[in-house]
Amino acid sequence: GNSSCFLFDSRSGRLAMLSVAVRETPNVDVATPTAKFASKVYGAEESGKLQEFFQFVQKTRGDVAQVKGGGGFQSANDALRKYLGALELLPSRFPTGSNQCALKFSWKEAMTTKKVPDQSSYAWEKASVLWNLAAVTSKAATMTDRASEEGCKRAWEQFQLAGDIFILIEEQFASQLNGVGSVDMSSASLKFNAALMLAQGYVCFYERAIKKQSGRSLLAKIAEGVAESFELAKSYADQLRGSIDPSFVKHCSAQYSVYKASSCYQQALAETDAARQSLAGFGVAIGRLKKCVELCNVADTTGVQSIRGATQQLAQLAQGALAPLEKDNREVYMETIPAQLPALGKLPKNPMAHKERKVAEFILEDTRAEEYRKALQGLMPAVIRTASSAYTAQLEAAVDQIKREIKEVAEQKQAQLQEVNLPYAVDEVGKAGGLPDQLWEKIQDFNQARGGAAALENQVECLTQMETAAQSQIAEIKGALDKEQADDEECRNAFGPRWNRVPSEQLTKPMRDTLEGYVQRLAAAKATNAAIVSKYNSKKDVVALLSLSREELEAKLPAGGHEDNPALIEAKQSVRQELDRLNQVELDVMAELDKLCGTMLQDNIDPLLLEAHTSGKPPESVIPQQMEKFNAARAALRTKANAIPETVASVKQLFSKCAGLAQGDCARSRFLADVGEGLTVVLNGTKDLQEGLRFFERLLEYLRTISQQSNDFCAARQIQKTGLAGQIANGSLSTS
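Calculation notes
- Residues numbered from 1 in each chain as written.
- Predicted model: local features only at pLDDT ≥ 70, side-chain atom pairs only at ≥ 80, totals over all residues.
- Heavy atoms only, no water.
- Axes fitted to C-alpha atoms, helices over the stretch in contact; angles between N-to-C directions.
- Helix = DSSP H or I, 4+ residues; strand = E, 2+ residues; numbered from the N terminus.
- Parallel < 35°, antiparallel > 145°, perpendicular 65-115°, else oblique.
- Left-handed = near helix turned anticlockwise from the far one by under 90°.
- Nonpolar A, V, L, I, M, F, W, Y, C, P; charged D, E, K, R; others polar.
- Core = buried A, V, L, I, M, F, W, Y, C linked by side-chain atoms within 4.5 Å.
- Buried < 20%, exposed > 50% of the residue type's maximum accessible area, 1.4 Å probe, protein only.
- Contact = heavy atoms within 4.5 Å.
- Phe/Tyr/Trp six-rings, centres within 6.5 Å; stacked < 30°, edge-to-face > 60°.
- Arc of directions from axis to C-beta.
- Polar contact = N/O pair within 3.5 Å; in protein donor to acceptor, adjacent residues only side chain to side chain.
- Salt bridge = Lys/Arg side-chain N within 4 Å of Asp/Glu carboxyl O.
- pLDDT = per-residue confidence, 0-100.

1. Focus: the packing of helix H7 (residues 187-211) against helix H8 (residues 216-239)
Thought 1: One can describe the packing of H7 onto H8 by two numbers: an axis separation of 8 Å at closest approach and a directional angle of 165°. Taken as axis vectors, H7 and H8 run roughly antiparallel relative to one another. Note that H7 runs across H8; the crossing there is left-handed.
Thought 2: Split by residue class, the contact of H7 with H8 holds 20 nonpolar, four polar and one charged.

2. Let's talk about the nonpolar core
Thought 1: One finds Phe53, Phe94, Trp131, Phe166, Ile169, Phe192 and Leu422 to be the most contacted residues of the largest nonpolar core, which totals 138 residues.
Thought 2: Residues within four places of phenylalanine 94 in sequence aside, it is in contact with Thr34, Phe37, Ala38, Leu50, Phe53, Phe54, Cys101, Tyr122, Leu376 and Leu379.
Thought 3: Grouped together as the second largest cluster of nonpolar side chains are 44 residues, Leu439, Leu456, Tyr536 and Phe713 included.

3. Here we look at the packing of helix H5 (residues 122-143) against helix H6 (residues 149-173)
The axes of two packed helices give the description: the angle between them and the distance between them.
Thought 1: Between H5 and H6, whose axes approach to 8 Å, the crossing angle comes to 165°. On the basis of the axis angle, H5 is roughly antiparallel to H6. The handedness of the crossing between H5 and H6 is left-handed. Residues Ala123, Lys126, Ala127, Leu130, Trp131, Leu133, Ala134, Thr137, Ser138, Ala140, Ala141 and Thr142 of H5 pack against Ala155, Gln158, Phe159, Leu161, Ala162, Ile165, Phe166, Ile169 and Phe173 of H6.
Thought 2: Per-class residue counts for the contact of H5 with H6 are 16 nonpolar, four polar and one charged.

4. Topic: the environment of glutamate 646
Thought 1: In this fold, glutamate 646 is placed in helix H24 (residues 643-656).
Thought 2: Given a relative accessible area of 56%, glutamate 646 falls into the exposed group.
Thought 3: Spatially, the C-alpha atom of glutamate 646 lies 9.2 Å from that of leucine 582, the residues being 64 residues apart in sequence.

5. Things to note about helix H11 (residues 308-333)
Thought 1: Inspection of H11 places Ala310, Thr311, Leu314, Ala315, Ala318, Leu322, Leu325 and Asn329 among the buried residues, and these make up the whole buried set.
Thought 2: Taken from the residues just after H11, methionine 334 is the one with a positive phi, measuring 55°.

6. Digging into the packing of aromatic side chains
Thought 1: Per the stated rule, a full pass over the model turns up 16 aromatic pairs.
Thought 2: Ring geometry for phenylalanine 54 versus phenylalanine 94: centroids 5.9 Å apart, planes at 70°, classification edge-to-face. Taken together, the positions of phenylalanine 54 in helix H3 (residues 51-65) and phenylalanine 94 in the loop between helix H4 (73-87) and H5 put the pair 40 residues apart, joining distant regions of the chain.
Thought 3: On the accessibility criterion, phenylalanine 94 (0% relative accessible area) is buried.

7. Side note on helix H23 (residues 631-641)
It helps to recall that an α-helix has 3.6 residues per turn; residues three or four apart then point in one direction.
Thought 1: Within the sequence span of H23, burial applies to Arg634, Leu637 and Ala641. Taken end-on, H23 shows its buried residues confined to a sector of 60°, consistent with a single buried face. For H23, the exposed residues set more than 90 degrees away from the buried face come down to Ala632 and Thr639.

8. Comments concerning the side chain of asparagine 77
Thought 1: Its location among the elements puts asparagine 77 in helix H4.
Thought 2: Given the relative accessible area of 2%, asparagine 77 is considered buried.
Thought 3: Separated by 2.8 Å, the side chains of asparagine 77 and arginine 81 make a polar contact.

9. Things to note about the pattern of salt bridges
Thought 1: If you walk through the whole model with that rule in mind, you get 37 salt bridges.
Thought 2: Two residues, arginine 501 and aspartate 488, come together in a salt bridge whose shortest N-O distance is 3.0 Å. Of this pair, arginine 501 sits in the loop between helix H16 (452-495) and helix H17 (504-538) while aspartate 488 is found in helix H16, placing the two residues 13 residues apart along the sequence.

10. Describing the confidence of the model for the protein chain
Thought 1: Averaged over all residues, the pLDDT of the protein chain is 84; the fraction at 70 or higher stands at 90%.
Thought 2: The low-confidence segment residues 1-13, where pLDDT is below 50, has 32 contacts with residues more than four positions distant or belonging to other chains.

Written out as structure tokens, the structure reads:
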């Protein structure tokens, strides 16, 4: 289970980590209800064909019930992901609820003894399995030997994965499970566990930085980031007071104080070295060491006795450094100890930033359930598969539309800033400098993580090939349908009223409408890709600069255009702060966009289509209402996006007040702005091309489905044609 003990490992000098407890579950009977439902809805013959699948689901569900969190990480990991693969296949063919598949899922809470009633919700089942996947991953992280740099890195990656899974559960399932009464699945609980895992991953990053003998100023900033992470975790634990063990709050409070103290200690030593060089700054260093000792005492007051070894050791180190420093200051330097210690400056990029795509790849990389997908797809009548494809096409068109709208707002923001060389006209505030660190980090990310210009050009080539494949498949499907329709019309003309079957154009209209929707989306995608390539080609001269080293780029960088004075420094700082606010507004909008698009694209309409079909309604009649349910969220996103141009206007107004700043005339800021614009083009291009590749992957999959439907239709019509023509030939068919 979850222990709240904060253990100090006296051999390694490291504070031990917490793992998350698993949610326990009995071996629920999944096979019987699904088999009964299949027999009732799809017929005994079809149900009989799926016996192996029902046994597979039951076996994988039983393996999940055996996961207890006490070890055997790999086997537990495999069991959970294998069942998730099976679970992905169930909802569309075996919907739960009133008069549906009678499945019930039972789970015990991990963070409280409260009993939650059994649920028929797949969201409840999937969220619980994902919880356990995060829990066993957190257990593996705590058991990882962190004595080496590689061990620290491995533990930090595992903690990050566990935290990211909790974020995934919160984003996808918390709102659906709000009325269940589960403490575990509450938004606060999921956010707490995510924050705790990510904070512990940050600790591993700090330990690794120590092993790499990083500079003390950097260590101070990393420790500050760790402290802030535990402070965030505590804020979520506070929301759960009365529902979970109070030691969770104490744990986070103790961790916050310890790492805040560590930050003060590391920065004080860095400032002491600098003070001895410049003979100034002793007062600040003394103040930090005193703060370190104070925070160690605060950590001890949390009542978590097992941390006293760590806090006492750190306090002794601080006091040992403090005594000679105070003596020198008292006798020689006589500096005042400031009441307010100066901030550490900008923290380094958080290494624990949420990596949603990495989580999705980890969870879904197991494909052992895929062998059953085709058999399950075959359960649905063609009319439902066609309606489902039509709904998916409408969803994707709506997603494309909202993405285009938000992208246009972001591009307008970028263009308006570019006009006045922002943000580079206010970078390096108060300094004559080389390349801004933020810009260089983005260039490195493009070249190292994204593969640089070569990777982008390779994506363009792949897209071209996929476009050709999609066009070929569409032409093939249209050709088959046209040929069948021409055959039908030829026979109708030849035999007149005796050719009394339904005309092909009536039967194929839904399929052709869906196909036409894909044709339109393909044309839009081609236009988008062409625009990306055009932008990239227009900036090729700037893109070439991105392959240079930092030293080579700085050699090309013109000198600063203006000497900064205090008034100008203050004005620039105001602009920089407003730019930071603008960036945060945009990040919030993009996060909301990603969340909405993910929700829309994952929406499963098949159970509703099946319900409509079995009740005698046209399946496609439920599509408009399903589409409408996203209207409010789309409108809210558009409203939120309006804050971007409003904040841009505020930035430009502040920038106009920068006395003595020649907007657009500084050669240095112009050069940086050009490099920044080129970088934005390739970064956005890379992102857009990746989305394009995913679109074509989905499109080709949909086209394969329609191609199969088309082939089945044409084959069935050919058999019908042969039979009908035979009846006409032997005179057994009359026109009456």
